[in-house]
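Coordinate inspection notes
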Amino acid sequence: MQIRGGNGITRFIFPGPPRPRSSSSSDDDDDDPSPHEGDATSYGVIYVNELARRAMVDEKKPRFPAGSVIVREKLAQEADAAPQVLVVMVKREQGFNLKAKDWEFLTIDGQLSKVEHREKTGSCRDCHNSQKDRDFVFRSYLTEEMRGKQK
Ligand code: HEC
């Protein structure tokens, strides 16, 4: 998969969500519930293509059109050139995925060399299902100002 910059791409960057300190003494990260939620110091960068922009930014109850692509990079540092991992949601044609409003969920390695995982159901969908009234998209990184203008 190729990710093009430039025209029509909208980008958001925000600090990753703080992660509560584990109560256990183990430092094991294996049970991290989300592939992209990081520790308190990681950064998220979200990109949306032109087709997805309106739903992402302007719509109170978004309905992303087929062809929408949302990419979330996880960066260890704000200025890092290479992400640690990318997660992607692609809105496919109507009927593609009845369980998640036609979204496909992908995980891509930080070198952009391979799609590590793609799914219609599973852990991505299960967690994003809490946003099913908003087309499975969290948008928690939008600013208050952006939200205030949504229709
Ligand atoms: C445990 C819950 C959880 C799981 C599992 C999860 N996500 Fe997310 N995802 C979130 C939250 C919360 C956000 C918004 C905050 C953020 O990005 O840090 C988000 C944001 C995103 C975004 C940006 C669009 C949006 O919803 O705002 C994409 C794309 C995404 N996730 C893809 C995936 C993919 C692909 C998977 C599976 C490989 C996945 N997610 C698994 C919770 C989850």
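Note that the structure is a prediction, hence the values are computed from the model and not measured.

Let's shift gears to the overall build of the protein. Summing up its helical and strand segments, the protein has 3 helices and 6 strands in all. Listed N to C, the secondary structure of the protein is β-β-α-β-β-β-β-α-α in terms of helices and strands. Looking at the protein residue by residue over its 151 residues, the buried ones come to 23%. Taking all contacts inside the protein whose residues are at least 6 apart in sequence as the whole, residues at least 24 apart take part in 50%.

Before going further, it helps to spend a moment on helix H1 (residues 50-57). The complete set of buried residues in H1 reads Ala52, Ala55 and Met56. Along H1, the residues classed as buried sweep out an arc of 100° about the axis, all on the same side. Residues of H1 that are buried in the fold lie against strand E2 (43-48) and strand E3 (69-75).

Its place among the elements puts Ala55 in helix H1. Between the C-alpha atoms of Ala55 and Pro65, which are 10 residues apart in sequence, the distance is 8.2 Å.

For the rest of this paragraph, the subject is the pairing of strand E5 (residues 103-109). Successive residues of a regular strand alternate their side chains across the two faces of the sheet. Bridge count between strand E4 (residues 85-91) and E5: 7 bridges; the pairing is antiparallel. Residue Val85 lies in a different strand from E5, and its bridge partner there is Asp109.

Further remarks concern the nonpolar core. Core analysis: the biggest nonpolar cluster contains 21 residues, and Val48, Ala52, Ile70, Val71, Val88, Met89 and Trp103 have the highest contact counts within it. Sorting the residues of this core by element identifies E2, H1, E3, E4 and E5 as the ones contributing at least two each. Top element by residues in this core is E4. It accounts for 5 residues. Contact partners of Val48, with chain neighbours within four places excluded, come to Thr10, Arg53, Met56, Val69 and Ile70.

Among the 7 residues in E4, 6 count as buried, and that is most of the element. With 6 bridges joining them, E3 and E4 adopt antiparallel strand pairing. Bridge pairing links Glu73 to Leu86 in E4.

About the thresholds
Residues numbered from 1 in each chain as written. Predicted model: local features only at pLDDT ≥ 70, side-chain atom pairs only at ≥ 80, totals over all residues. Helix = DSSP H or I, 4+ residues; strand = E, 2+ residues; numbered from the N terminus. Buried ≥ 20, exposed ≤ 12 C-beta atoms within 10 Å, placed from the backbone. Contact = placed C-beta atoms within 7 Å. Arc of directions from axis to C-beta. Pairing = 2+ DSSP bridges. Core = buried A, V, L, I, M, F, W, Y, C linked by C-beta atoms within 7 Å.

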